[in-house]
Amino acid sequence: MAAPSAPSGGRSGVIAVLLLLVLLAGTGTSSAQLCTSFYSHSCPGVYDAVRSVLQAAIAREQRMGASILRLFFHDCFVQGCDASLLLDDTPSFQGEKMANPNNGSARGFEVIDAIKSAVDKVCPGVVSCADILAIAARDSVVILGGPSWDVKVGRRDSRTASFSGANNNIPPPTSGLVNLTSLFAAQGLSQKDMVALSGAHTIGLARCTNFRAHIYNDTNIDGSFARSRQSVCPRTSGSGDNNLAPLDLQTPTVFENNYYKNLVYKKGILHSDQELFNGGSTDAQVQSYVSSQSAFFADFVTGMIKMGDIMPLTGSNGEIRKNCRRIN
């Protein structure tokens, strides 16, 4: 049965209310939405500018690709992907760089500075440091042989940082599987995402201080592999702490699935790495990536896109920093 018609005055009032609701809904959701086309008109040259500087940096030092990718991880796990990690300490401001997971190991900040300068020559004051880091993380993977994806952009930069968040939210290399799963879940990432994103350790180097306990104390490690790592990492704490070893024994500058193959042979350099293949719930997923690099690549891309969506600042929140190291 048809509803009775409203009086003309009532109908116009209803229409006005509906229009207001539509407008309010638009302002509530569009500002929080990242998209791949955000810079299509305002800065279409951003991607070439990022890639040009990054390619040169990786050509000078191939490890740099892993360092930039790690910056993105450590940024997103602390109050979202907002470039808070890039902020320097000042007498009145405590950033995240001196927190335990970053102090002495987070690197590549000068490359991000150089990219920011190049981007601002193309389109001054348009692209955030948070977006630059997200794009550079993708390009680092691609340059070293990994998969590509369309990066969602539109983030703005934080005016704050969290020293305690960096200490508590970023999974330490001593983590067990339960703790790893919990810390990723706190960021809205599943255990499947966690195993796939851990594949970022197919590139880069680890410091002795982060794998010493694993190579001397753990039993879930190949004996000859442990002894070979001990040659660069003395047992005594404080001795050789910054000595480096490859996270992926065979190809630390190529993004592929050897990381997972190493885990099957108990040759993960970090305790947290080997936990992914240690008789637990993630063994089958590791085996699937050993069998299929394309499966790893697909899940890694899915995880990176999800991680890039963690609590972005959009709309009028945050700012577009002129200098990635300090607020405006």
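Being a predicted model, the structure only gives us computed values, none of them experimental. (Residues numbered from 1 in each chain as written. Predicted model: local features only at pLDDT ≥ 70, side-chain atom pairs only at ≥ 80, totals over all residues. Heavy atoms only, no water.)

Draft legend 1. Geometry of the nonpolar core. Core analysis: the largest hydrophobic core is formed by 73 residues, its most contacted members being L69, I112, I115, F300, M304 and M307. Ranked by the residues each element gives to this core, the list is headed by helix α5 (residues 129–143), at 9 residues. Built from parts of two domains, this core gets at least three residues from each of domain 1 (45–169) and domain 2 (177–308). Setting aside residues up to four positions removed in sequence, I112 forms contacts with I68, L71, L86, I132, L133, A136 and C324. One finds C208, I215, A245 and I269 within the second-largest nonpolar core, a separate group that totals 13 residues. (Core = buried A, V, L, I, M, F, W, Y, C linked by side-chain atoms within 4.5 Å. Buried < 20%, exposed > 50% of the residue type's maximum accessible area, 1.4 Å probe, protein only. Helix = DSSP H or I, 4+ residues; strand = E, 2+ residues; numbered from the N terminus. Domains from an automatic or database assignment. Contact = heavy atoms within 4.5 Å.)

Draft legend 2. Quick look at the state of the cysteines. By the definition in use, this model includes 4 disulfides. Bridging C76 to C81, the disulfide has an S-S length of 2.0 Å. Looking down the S-S bond of the C76 and C81 bridge, the torsion is 120 degrees, so its handedness is right-handed. Accessibility assignment for this pair places C76 and C81 in one class, buried. One disulfide in the model links C208 with C233; its S-S distance is 1.9 Å. The sign of the 70 degrees torsion about the S-S bond sets the C208-C233 disulfide as right-handed. You can see C208 sitting in helix α9 (residues 208–217) and its partner C233 sitting in the loop between α10 (223–230) and β2 (244–246), a full 25 residues away along the chain. According to the relative accessible area criterion, C208 is buried, its value standing at 0%. Residue C233 is classed as buried on the basis of its relative accessible area, which comes to 0%. Shown here for the chain is a disulfide pattern of 1-4, 2-3, 5-8, 6-7, where each number marks a bonded cysteine counted in sequence order. Its sulfur unpaired, C35 is 14 Å from the next cysteine sulfur, which belongs to C43. On the basis of relative accessible area, C35 is assigned to the partly exposed category, the value being 27%. (Disulfide = S-S within 2.5 Å.)

Remember that the coordinates give geometry; whether it matters functionally is a separate question.
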